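Summary of the model geometry
Residues per chain, in single letters:
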Amino acid sequence: EADIYQTPRYLVIGTGKKITLECSQTMGHDKMYWYQQDPGMELHLIHYSYGVNSTEKGDLSSESTVSRIRTEHFPLTLESARPSHTSQYLCASSEPGQGIYEQYFGPGTRLTVT
Amino acid sequence: AQSVTQLGSHVSVSEGALVLLRCNYSSSVPPYLFWYVQYPNQGLQLLLKYTSAATLVKGINGFEAEFKKSETSFHLTKPSAHMSDAAEYFCAVKSGGSYIPTFGRGTSLIVHP
């Protein structure tokens, strides 16, 4: 069974706070991704990882940072939250599957910065 | 380079009517194509995928999609809409040499009683 978890599901926080959004998967996938999604908009890739100690920035410029110390864990950190960071953040992972790299998504974290 | 165009940000149908969600893609190499569904306050769930094995692909919840190379299309259909089908639907394309798909803007399916 494909399992990928995100915590918290909802977060309301004040401007200037440091926050970490957690993402974990139990499938042993090498590839993991963070997307930002605004209402009615497409998904924007902000970070991805090919494996442990490998992280890359995505297409959308983001002030967040990520780390990949363990295969199953891919947290995203905002050092100083701003109202412009208000959005939904989706974590995903993928396995080779004969080169297809089908993505599995977590339930998302809806972040509101006041 | 690859891109996806989903025609219509909103599609409204009556319960029991045919569902047709349009997706056109561009890809410089033979693509892999995906349809995902997103219910409110949830992540994306894979509905179906095209991997060149068959042009007509059947997915979960009674959905299917047909790959038409000449039209560069991968439209999603369901013969009879159900209220529970109301959700956001995303089409995505990925070339064989990439780990990262390109997503369309999504189409919101509204189902009326």
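First things first, this report covers the structure right here in the doc. (Residues numbered from 1 in each chain as written. Chains lettered and ligands numbered in written order. Predicted model: local features only at pLDDT ≥ 70, side-chain atom pairs only at ≥ 80, totals over all residues. Heavy atoms only, no water.)

Regarding the state of the cysteines
Residues and elements named next belong to chain A. Tallying each qualifying case throughout the model produces 2 disulfides over all chains. Across a sulfur-sulfur distance of 1.9 Å, Cys-23 and Cys-91 are joined as a disulfide pair. Residues Cys-23 and Cys-91 share a disulfide whose torsion about the S-S bond is about -75 degrees; that sign makes it left-handed. Here Cys-91 lies in strand 9 (residues 87-94) and Cys-23 lies in strand 3 (residues 19-25), a separation of 68 residues in the sequence. When its relative accessible area of 0% is taken as the criterion, Cys-23 is described as buried. The buried category is assigned to Cys-91, whose relative accessible area is 0%. (Disulfide = S-S within 2.5 Å. Helix = DSSP H or I, 4+ residues; strand = E, 2+ residues; numbered from the N terminus. Buried < 20%, exposed > 50% of the residue type's maximum accessible area, 1.4 Å probe, protein only.)

Let's talk about the pattern of salt bridges
Under the definition given, this model contains 6 salt bridges over all chains. Glu102(A) is the salt-bridge partner of Lys49(B), the closest N and O atoms lying 2.5 Å from each other. Here Glu102(A) lies in the loop between strand 9 and strand 10 (103-105) and Lys49(B) lies in strand 5 (residues 44-50), a pairing that spans two chains. (Salt bridge = Lys/Arg side-chain N within 4 Å of Asp/Glu carboxyl O.)

Quick word on the sheet that holds strand 8 (residues 76-78) of chain A
Residue and element names in this part refer to chain A. The sheet built from 4 strands is open, its strands ordered 1-3-8-7 with antiparallel pairing. Lying at the two open borders of the sheet, with one neighbouring strand each, are strand 1 (4-7) and strand 7 (65-66). Sheet analysis places strand 1 next to strand 3, joined by 4 bridges and oriented antiparallel. Looking across to strand 3, one finds that Gln-6 is bridged to Cys-23. (Pairing = 2+ DSSP bridges.)

Some details on the environment of Ser73(B)
All names here are of chain B. Secondary-structure assignment places Ser-73 in strand 8 (residues 73-78). Look at Ser-73 and you get buried, because its relative accessible area is 1%. Separated by 16 residues in sequence, Ser-73 and Val-57 have C-alpha atoms that sit 13 Å apart. Discounting chain neighbours no more than four positions away, the residues touching Ser-73 are Cys-23, Asn-24, Tyr-25, Glu-66, Phe-67 and Lys-68. (Contact = heavy atoms within 4.5 Å.)

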